[in-house]
Structures are given as structure tokens and as C-alpha cells.
Amino acid sequence: PLRKVSYAEDQLTIHPSDVLVMYTDGLIERRGHDLDTAITEVQHHVSDWQPHISLSQACRDLGACFAAPQRKDDTC
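Every chain is numbered on its own, with residues counted from 1 as its sequence reads. Local features in a predicted model are, by the rule used here, given only for residues with pLDDT of at least 70; side-chain atom pairs are given and counted only at 80 or more, and totals for whole chains, interfaces and linings are based on all residues. Working from all heavy atoms in the structure, the side-chain values ignore hydrogens and water.

Asks: Please explain the packing of helix H1 (residues 35–47) against helix H2 (residues 55–66) as it appears in this structure.
Replies: Between two packed helices, the angle of one axis relative to the other and the distance separating the axes together describe the packing. Only the stretch in contact is used when a helix axis is fitted, and all axes are lines through C-alpha atoms; the angle between N-to-C directions ranges over 0 to 180 degrees. To qualify as a helix, a DSSP run of H or I must reach at least 4 residues; to qualify as a strand, a run of E must reach at least 2; elements of each kind are numbered from the N terminus. It is the contact of H1 with H2, at a shortest axis distance of 11 Å, that shows an interaxial angle of 145 degrees. The interaxial crossing formed by H1 with H2 has right-handed handedness. Every residue of H2 that contacts H1 at Glu41, Val42, His45 and Val46 is listed here: Asp61, Leu62, Cys65 and Phe66. Ten residue types, Ala, Val, Leu, Ile, Met, Phe, Trp, Tyr, Cys and Pro, are classed as nonpolar, four, Asp, Glu, Lys and Arg, as charged, and the remainder, Gly among them, as polar. For the contact of H1 with H2, the per-class residue count stands at 5 nonpolar, 1 polar and 2 charged. Crossing handedness: left-handed means the near helix sits turned counterclockwise from the far one by under a right angle, and right-handed means the same turn made clockwise. Contact criterion: two residues are considered in contact whenever any of their non-hydrogen atoms come within 4.5 Å of each other.

Given below as C-alpha cells:
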């Protein structure tokens, strides 16, 4: 069955020290798994990033944690 989805528009102020994380659905979308749960898991993972770890290393860790080794979708 098709699920009707709606999106709300919002605004957010991003400060110079903030980190904006964007990713494709290939990182979190898995057949049979809830998408909202996956998004929440990524949010928790990112909120645990430590300031002493480089951003590139943190992103590699994010990919290693969430991107399945046998990818069937783009992951960026």
C-alpha cells in the first residue's frame, strides 16, 4: 500500500561552528526497516560525535556504521 507523505517547510539558523550533515537515502533506507527509526539512529550517532575527531573521520565512521557492505543504492 502507498503511504501519503507530507513535508513541512521550516527555517533554521546555522552558525559558523555548526555542522550540517546531509546524506542520500542509500545510507539509511533498507527494505523492511522503518525509515523514521533509521533517521533517528543517524541523529543519535551524529550527536555523539566528539570534537577531537576530524569531520572526515566522523563521516567515514557514519558510512561504516550505516551503509551496508552489499549496497544496492547510492550512498553519499
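Asks: Help me understand the environment of Leu20, please; the structure alone is not making it clear to me.
Replies: Considering the arrangement of structural elements, one finds Leu20 in the segment before H1. Remark: exposure states derive from per-residue accessible area (1.4 Å probe, protein chains only) relative to the maximum for the residue type, with buried under 20%, exposed over 50%, and partly exposed in between. With a relative accessible area of 54%, Leu20 lands in the exposed category. Distance from Leu20 to Cys59, taken between C-alpha atoms, is 11 Å for residues 39 residues apart in sequence.

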